[in-house]
Each structure stands twice: as C-alpha cells, then as structure tokens.
Amino acid sequence: MAFSQVDICNLALSRAGGHSISQITSLGEASAEARQCAVKFPHVLRSALRSYPWQFAVRETALALLGTGAEVALGGALKDNISYQTLFYYQYPEDCLQILAVNPAQAAKGGCSAASYPYFVERIQDGTKVIVTPCAKAVLTCCAYADDPGIWDSLFADAFAWQLAAELCLSLGGDYSAVRALQNMAAAAFDRAKSQDCRESAGLVRFSSYMEARR
C-alpha cells in the first residue's frame, strides 16, 4: 500500500513524541502538529532529495533555450587541442534539485553511455537562473523534487520519516538529546537506503569533470 504525505507525517510524529503528540488527518487542519508538518515537510524533503541521486527522483527533461553567448575556448592544455564553441543558455528547471548530467537530445537517459557535457550554473542580469553549456538541444538529467510518497522507495520513506521526526521533535516540545537520537536514526536509515538504491542501479551517471573542478 502506497504511503501518503499524511501517513509519513504521522509516522514521523509518532517517532518524535510518542503518545504526547497527536496524529493528524490533514496537513491543513488547525493543530500545532499539522502546522509544523506543513512547514517542515517540503524543507526536509528538498534536503533529503538533494543529498543523493535517488533513482525514483531521477528525471530527464529537454531544456528551454534562452539564448546563446560568445564563443569560448574549450579543450586540452595544448594549443592544437583547443576548439571554440558557442555557449547555450538554458532555463534552470524549477523542480531540479541536483544536476546529474547534460547531454544532447539523442543521449541515453542518465548519461550512462556518454560523459556529461561541461556546464555551469549562474544567474544572468535579470536574476534568471540558467544552465550554461556548449551542448546544443540539451537534455538535463537531474534529481527532481518528488513529493508523492507513492513513488518513493520504502527505505527512503523510512529514513525521511526519521529525519522529519528530528525536525518536528524540538518544535513540539522535545529536548536536544531526543533530537540527536532521531538524527542518528535518520543517518543510519539513509545509509541503508542509499546502499540499496546503489545496488539496484543499472549504471552510473557520469558527472561533469568541469563542474567537479569548480566545487
């Protein structure tokens, strides 16, 4: 049976305070527990999804081209290996939490068959967040925001509930020792979830060496 957001919140609430904290029937109800869940659920989820390329959250999307920029020198250290390529500016998707690869439209999903094109992320003069790359007709592979627990892996759901419980605990009257204990439970649960997610992967997404050098 698939979990709902309310199911996950109630599991977290039960871990955060046991019988001293009430269960909820809706995130919109007028209880302290529901208000805290509504505030903390998306915040904790974004952090958890960004921390690792969870298979259930990996998406491919064709990027929207905003324009092109000046040609730049790309290539090896030797002058003969340098080529000049036009840079393409693409809209950064709103639901993207972690870029995994940027490849041409014909590339295989996940970038498993070809290394990611070089890219970087910046904001242009009007404040728009963009992905800049020499890749034409780019397709983005990313870890996207996925707030439907029905598609989550069960081990991720368990780990997320522990992490949410840690965030809720202090707000609902718990002490720091209880928060630390919940955080430790969450860390161990996320390790198990990542290990299982990795074992079920058919191939590894190849990250851009250019971006790795910028970190």
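Residues numbered from 1 in each chain as written. Predicted model: local features only at pLDDT ≥ 70, side-chain atom pairs only at ≥ 80, totals over all residues. Heavy atoms only, no water.

Draft legend 1. How the structure looks around the overall build of the protein. The number of helices and strands found in the protein is 5 helices and 7 strands. Traced from its N-terminal end to its C-terminal end, the protein shows the element sequence α-α-β-β-β-β-β-β-β-α-α-α. For the protein, the share of sequence-separated contacts (at least 6 apart) that also reach a separation of at least 24 residues comes to 69%. For the protein, the accessible area works out to roughly 11700 Å², and carbon and sulfur atoms hold 52% of it. (Helix = DSSP H or I, 4+ residues; strand = E, 2+ residues; numbered from the N terminus. Contact = heavy atoms within 4.5 Å. Areas by Shrake-Rupley, 256 points an atom, 1.4 Å probe, with all protein chains shown as cover.)

Draft legend 2. Focus on unusual backbone geometry. For lysine 137, which is not a glycine, the phi torsion comes out positive at approximately 50°. Relative to the assigned elements, lysine 137 resides in the loop between β6 (129–133) and β7 (138–144).

Draft legend 3. Region of interest: the sheet that holds strand β4 (residues 96–104). The 3 strands lie next to each other as β1-β7-β4, forming an open sheet whose pairing is antiparallel. Only two strands of the sheet have a single partner each, and these edge strands are β1 (58–62) and β4. Geometrically, the sheet is characterised by an average inter-axis angle of 25° between neighbouring strands, direction not taken into account. Its contacts with the sheet place helix α2 (residues 32–50) against β4 and β7, and it is angled at close to 40° to β4. (Pairing = 2+ DSSP bridges. Axes fitted to C-alpha atoms, helices over the stretch in contact; angles between N-to-C directions.)

Draft legend 4. Quick look at α2. A rise of 1.5 Å per residue sets the reference length of α2, with its 19 residues, at 27 Å; its end C-alpha atoms lie 28 Å apart and thus fit the reference within 8%. Of all the bends found along α2, the most pronounced is centred on lysine 40 and spans about 35°, while proline 42, a proline, follows it within four residues. Here α2 has its buried residues at Glu33, Ala34, Cys37, Lys40, Phe41, Val44, Leu45, Ala48 and Leu49. Residues of α2 that are buried in the fold lie against α1 (5–17), β4, β7, α3 (154–171) and α4 (176–199). (Expected span 1.5 Å × (residues − 1). Bend = angle between axes of the 7 residues up to and from the residue. Buried < 20%, exposed > 50% of the residue type's maximum accessible area, 1.4 Å probe, protein only.)

Draft legend 5. Geometry of the packing of α1 against α3. Between α1 and α3, the least distance of the axes is 8 Å, while the angle of their chain directions is 55°. Classified by the angle their axes make, α1 and α3 are oblique. Every pair of crossing elements has a handedness; the one defined by α1 and α3 is right-handed. Where α1 abuts α3, its residues Ile8, Cys9, Leu11, Ala12, Leu13, Arg15 and Ala16 lie against Ala157, Asp158, Phe160, Ala161, Trp162, Leu164, Ala165, Leu168 and Cys169. (Parallel < 35°, antiparallel > 145°, perpendicular 65-115°, else oblique. Left-handed = near helix turned anticlockwise from the far one by under 90°.)

Draft legend 6. Region of interest: the packing of aromatic side chains. Within the structure shown, the criterion is met by 12 aromatic pairs. Both rings, one in phenylalanine 156 and one in phenylalanine 160, keep their centres 6.2 Å apart while their planes meet at 10°; by these two values the pair is stacked. Taken together, the positions of phenylalanine 156 and phenylalanine 160, both in helix α3 and 4 residues apart, correspond to about one turn of that helix. For the pair phenylalanine 156 and phenylalanine 160, one class covers both residues: buried. Linked through ring pairs, Phe41, Tyr52, Trp54, Phe56, Trp152, Phe156, Phe160 and Phe190 together constitute an aromatic cluster. The ring of tyrosine 145 has arginine 46 sitting right over it, with the charged end atom 4.4 Å from the ring centre. One cation-aromatic arrangement involves lysine 129 over tyrosine 92; the distance from NZ or CZ to the ring centre is 4.1 Å. (Phe/Tyr/Trp six-rings, centres within 6.5 Å; stacked < 30°, edge-to-face > 60°. Lys NZ or Arg CZ within 6 Å of the ring centre and 35° of its normal.)

Draft legend 7. Focus on the nonpolar core. By size, the foremost hydrophobic cluster in this structure holds 40 residues, and its most contacted members are Trp54, Trp152, Phe156 and Phe160. Sort the elements by how many residues they give to this core and α3 lands first, with 11 residues. Look past the residues within four positions of phenylalanine 156 in its chain and what remains in contact with it is Leu45, Ala48, Leu49, Trp54, Phe56, Phe190 and Ala193. Counting 14 residues, the second largest nonpolar core, distinct from the first, contains Cys96, Val102, Cys135 and Leu140. (Core = buried A, V, L, I, M, F, W, Y, C linked by side-chain atoms within 4.5 Å.)

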